[in-house]
Amino acid sequence: MTFAGMWAELAAIGRAPSGGYRRFAWTRTDAVLREWFTASAQARGLDVVGDRAGNLWAWTADPDAHGPGLVLGSHLDSVPDGGAFDGPLGVVSAFAALDLLRASGRAPTRPLGIACFSDEEGARFGVACAGSKLLTGALDADRARALTDADGTWMAEAMRDSLDVAAVGRDEETLRRVGTFVELHVEQGRSLVDFDAAVGVASSIWPHGRWRLDLRGRADHAGTTRLADREDPMLALAAAVLAARSAAEQAGTVATIGKLAVAPNGVNAIPSSVTAWLDARGGREADVRAVVAAVGDAAGAEPVEESWTGPTVFDPALRDRLATALGTDGVPAPVLPTGAGHDAGVLAAAGVPTAMLFVRNPTGVSHSPAEHAEEADCLAGVAALARVVQELA
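Residues numbered from 1 in each chain as written. Predicted model: local features only at pLDDT ≥ 70, side-chain atom pairs only at ≥ 80, totals over all residues. Heavy atoms only, no water.

Caption draft 1: Focus on the packing of helix α10 (residues 233–251) against helix α11 (residues 285–299). At a closest axis distance of 8 Å, the pairing of α10 and α11 adopts a crossing angle of 155 degrees. Put simply, α10 runs roughly antiparallel to α11. Read as a crossing pair, α10 and α11 show a hand that is right-handed. Facing Ala236, Ala239, Ala240, Ala243, Ala244, Ala247, Ala248 and Ala251 of α10, the residues of α11 in contact are Asp287, Val291, Ala294, Val295, Ala298 and Ala299. For the contact of α10 with α11, the class distribution of residues is 13 nonpolar, no polar and one charged. (Axes fitted to C-alpha atoms, helices over the stretch in contact; angles between N-to-C directions. Helix = DSSP H or I, 4+ residues; strand = E, 2+ residues; numbered from the N terminus. Parallel < 35°, antiparallel > 145°, perpendicular 65-115°, else oblique. Left-handed = near helix turned anticlockwise from the far one by under 90°. Contact = heavy atoms within 4.5 Å. Nonpolar A, V, L, I, M, F, W, Y, C, P; charged D, E, K, R; others polar.)

Caption draft 2: The pairing of strand β15 (residues 354–359), seen in detail. For β15, the tally of buried residues reaches six of six residues, placing the bulk of the element in the interior. Here β15 shows no split at all, with Thr354, Met356 and Phe358 on one side and Ala355, Leu357 and Val359 on the other all buried. When strand β5 (residues 178–186) meets β15, the two strands line up parallel, connected through six bridges. For His185, the partnering residue across the bridge sits in β15 and is Phe358. Two strands pair when backbone bridges link them, and strand β6 (residues 199–205) and β15 are joined in this way by three bridges, in the antiparallel orientation. In the strand pairing of β15, Gly200 is matched with Phe358. (Buried < 20%, exposed > 50% of the residue type's maximum accessible area, 1.4 Å probe, protein only. Pairing = 2+ DSSP bridges.)

What follows is the structure in structure tokens.
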């Protein structure tokens, strides 16, 4: 099946009224996506196996007997009302690259795997890259099982129909099979437009994390309570939002408060509590943590760290080799950092030789229904992945 055909098969799964997608981990929509991945792999004669973290791996040959292998892939889940490309582009492109190689008689000689990581976005349970972090042991299994979604459902409950929940955790057997991992992803930002290039290579991932702010007040009547008598946690929230922007500007980082839970959440009621989630990222860990501290000071609350990923530098030799292989007229492909976290970063931090490719995003918009990549650039990404396989497998 062509790239366009696979893209069309995915188009309706989890589509939201906004035009974006709601593909959350361990839901019925997620199960349909996993079924699509399995069927696509089996249609190509690949063996599909799951690991102890719920990630799926499709192999052209036995990596235990002939590996470790080269693995391509990404994820299929989304942020709330996210775009079509973030994640699925890497999975579809991996299948399409294998098709391209086979059609040209250049099938890989070492085992080639295509991975579909679970719960990369962390949209439901709050921890990004949960599947790859569980796989590598970066996320404690007991902590993962106890995570809850907005409805109070434990991750353990949500996983139960698909996994042996008691066995969830670091998977040494699976990790031994992965000799090299390369993830293709839509660009999140618009640097490649300036380079006039369809495909680039990642140099590193900024340190980044998520923190929770628990802001307490006292519920009261919005119309009868004097201003002087109010204990309104929304004021602390407002201070935190403004501090996130100003502190990030001063530190040269980025920071966003993008998720809230307000109780009792009535128009005519002063809130009793507000829970806010802060996302902060930057080129240096010290700068990011300074921003988080400033936000906590402004809100009068201690930020609770829910996830943290330190700076990740992709394998320099692999990065340079791929930049050279994907260049034109003797000029290497553009090499650029990213502020977005990825499963590739988790594997790199665990010691797996890892690289990332980016496909040009003409507007730079991501995590939005407006996220986009031109079909010609997507096909250039497929060709780049095929070239990577030729180079490495």
